[in-house]
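One-letter residues, chain by chain:
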Amino acid sequence: MSAVKNICILGSTGSIGQSTLAVIAGAPEYQVFALTAHSNTDALLEQCLQFKPRFAVISDPERLDEMAAKLQQSGSSTQLLGGPEALEQVASDSECDTVMAAIVGAAGLASSLAAVRAGKRVLLANKEALVMAGDLFMEAARASNALVIPIDSEHNAIFQCLPSVPGGLAAEQLKAVEKVVLTGSGGPFLEMPRESLVAVTPEQACRHPKWSMGRKISVDSATMMNKGLEFIEACYLFALDAAQVEVLIHPQSVIHSMVHYLDGSVLAQMANPDMRVPIAYGLAWPQRMQSGVSPLDLAAEQALEFREPDLKQFPCLSLGMEAARQGGGAPIVLNAANEVAVAAFLEGRLGFSRIPLIIAEVLSKTPCEAPSSLAIIQDCDARARSLANELIIKEFH
Ligand code: NAD
Ligand code: MG
């Protein structure tokens, strides 16, 4: 019997948060230490009643009183905290061992970084944190001995295909890696004629053929900015040059990514497309545990296809890859402009095909010094957001 693990789930009411709770619901060795949500008090209350965490956090201060009343009425003994600082507090509490970082977007950066600085096992779903602050993040992990296990299915697949030692990846043996290949389904618009993309709606963009996810990442998958962000994520996580990362379209989403070694061997990880697989791997590593996902039936699959991505169909992928090559502040600006453009698209204020144009313009007009501190990163992020908002408002009028 292994010792009980105390886990904090940042963003527990989201898609990844719920899948994490589904995996640990069947595993008594995991105890929930803290759950957090931005504003969905009903969902957070329900989770508190089922999992009885020590702490619950509502990060939107305007919903705090409402949550306090609901918890009190229900007789729950969970202690309620409020505001964005409380996210950092629970993520770095000495009684918590494992942090699932599953807040969406830049809003998750400070708490993900706090968990890393406190030396936790950090299950990192919040890819935007790494895109914005990759060097800072990985350096903090080295300094504190935090173990960062990527939960993004592609990076988790790569982690599974790389040699590891008890503390994490085996740095020496990583030299034998020639390149990594990120696979992507191509999203809902893979086969759509380019001229039809102008008229797509948020509902169409959020209907992903293979994965069920939150709305922001669903739109990112439809533009393939998701693969662009993942390209940057892979460079930071595995200390790779942009030239060592490739993207392949694989519509069946059976192979989640691959590692090419210098002797010609290629290792791939396969599973049904369900985030409970990488979540269970991150929780149990270096062991394995039940995830609840049905076994892969390869005989029942159609042929597995692979092809190069069409960068004209998916200019956001191209922008992401270019930002990775440029480094410096480019990934921060790219991420900020993308978050603003995607939010505007979801609110009906921006056409789907305008998303890459806004991002490209913000990238060309937002200088940013080397992102060596959180303050510089946040300043660069804020300037890019404000320009993106300005451009979108201008366009709408
Ligand atoms: P989601 O929208 O379903 O959930 C987001 C969570 O973050 C919710 O709990 C919400 O309350 C919280 N949140 C939102 N805004 C916040 C704010 N301002 N401050 C604090 N908390 C806030 O998102 P998701 O699909 O679960 O994705 C979460 C992260 O995981 C994203 O970074 C995404 O890219 C990554 N990811 C998701 C999937 C997936 O299958 N859903 C796969 C790979 C990576
Ligand atoms: Mg992914």
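Residues numbered from 1 in each chain as written. Chains lettered and ligands numbered in written order. Predicted model: local features only at pLDDT ≥ 70, side-chain atom pairs only at ≥ 80, totals over all residues. Heavy atoms only, no water.

S.K.: Talk me through the side chain of Asp152; I want residue IDs and the actual numbers.
M.R.: Relative to the elements of secondary structure, Asp152 occurs in the loop between strand 7 (147-150) and helix 7 (153-161). Take Asp152: its relative accessible area is 8%, and that puts it in the buried class. Looking at Asp152, its side chain comes within polar contact range of the side chain of Lys127, at 2.9 Å. When near neighbours in sequence (up to four residues on either side) are disregarded, Asp152 contacts Leu124, Lys127, Glu230, Glu233 and Met275. (Helix = DSSP H or I, 4+ residues; strand = E, 2+ residues; numbered from the N terminus. Buried < 20%, exposed > 50% of the residue type's maximum accessible area, 1.4 Å probe, protein only. Polar contact = N/O pair within 3.5 Å; in protein donor to acceptor, adjacent residues only side chain to side chain. Contact = heavy atoms within 4.5 Å.)

S.K.: With reference to specific residues and values, describe the pairing of strand 6 (residues 121-124).
M.R.: Judged by which residues are buried, strand 6 turns out to be covered on both faces: Arg121 and Leu123 on one side and Val122 and Leu124 on the other are all buried. As paired elements, strand 5 (residues 98-101) and strand 6 share four bridges and run parallel to each other. Bridging from a neighbouring strand, Ala101 pairs with Leu124 of strand 6. In this region the chain leaves strand 5, passes through helix 5 (residues 109-117) and returns to the parallel neighbour strand 6; the handedness of that crossover is right-handed. By the bridge criterion, four bridges tie strand 6 to strand 7 in an arrangement that is parallel. Paired with Leu124 across the two strands is Pro150, which belongs to strand 7. (Pairing = 2+ DSSP bridges. Right-handed = clockwise from strand over helix to strand, strands pointing away.)

S.K.: I'd love a proper account of the environment of Gln302, names of residues and values included.
M.R.: Following the sequence through the fold, Gln302 ends up in the loop between helix 11 (276-284) and helix 12 (315-326). On a C-alpha basis, the gap between Gln302 and Gln252 in space is 8.1 Å, while along the polypeptide they are 50 residues apart.

S.K.: So, the coordination of the magnesium ion (ligand 2): which residues are in play, and what are the values?
M.R.: On the protein side, the magnesium ion (ligand 2) has Asp152 (OD), Glu154 (OE) and Glu230 (OE) as donor atoms, found 2.1 to 2.2 Å from it. Counting residues between consecutive donors of the magnesium ion (ligand 2) along the chain gives the motif D-x1-E-x75-E. With Glu154 in helix 7 and Glu230 in helix 10 (residues 225-237), the pair connects residues that are 76 residues apart, well separated along the chain. With respect to burial, Glu154 and Glu230 carry one shared label: buried. (Donors = N, O, S within 2.8 Å, 3.2 Å for Na, K, Ca; no water.)

S.K.: Tell me about the sheet that holds strand 6, and please be specific about residues and values.
M.R.: Across the sheet, which stays open at both edges, the seven strands sit in the order 4-3-2-1-5-6-7 with parallel pairing between neighbours. Two strands close off the open sheet at either side, each with one partner strand: strand 4 (79-82) and strand 7. For this sheet the average axis-to-axis angle between neighbouring strands, irrespective of direction, equals 20 degrees. Note: strand 3 (residues 55-58) against strand 4, four bridges, orientation parallel. Of the residues in strand 4, the one forming a bridge with Val57 is Leu81. (Axes fitted to C-alpha atoms, helices over the stretch in contact; angles between N-to-C directions.)

S.K.: Run through helix 2 (residues 41-51), naming residues and quoting values.
M.R.: Of all the positions in helix 2, only Thr41, Leu44, Leu45, Gln47, Cys48 and Phe51 are classed as buried. When helix 2 is viewed along its axis, its buried side chains cluster within an angular range of 165 degrees and face the same direction. Structural note: helix 2 exposes Glu46 and Gln50 on the side pointing more than 90 degrees away from its buried face. Those residues of helix 2 hidden inside the fold are in contact with helix 1 (15-25), strand 2 (30-37), strand 3 and helix 3 (64-74). The first or second residue beyond helix 2 is Lys52, which carries a positive phi of 45 degrees. (Arc of directions from axis to C-beta.)

S.K.: Before we move on, can you summarise the domain arrangement of the protein chain with the specific residues and values?
M.R.: Parsing the protein chain into structural domains produces domain 1 (5-150), domain 2 (153-272 + 298-325) and domain 3 (328-397). Between domain 1 and domain 3, the buried area comes to about 770 Å², and carbon and sulfur atoms account for 71% of it. Among the residues of domain 1 in contact with domain 3, Val131, Met132 and Leu136 are the three that bury the most area, contributing 58% of the side total. Between domain 1 and domain 3 we count zero salt bridges in total. Where domain 1 touches domain 3, the interface holds one residue pair in polar contact (both at pLDDT 80 or more). Looking at the side of domain 1 that touches domain 3, the elements that each hand over two or more residues are helix 5 and helix 6 (127-144). (Domains from an automatic or database assignment. Buried area = accessible area lost by both parts, 1.4 Å probe. Salt bridge = Lys/Arg side-chain N within 4 Å of Asp/Glu carboxyl O.)

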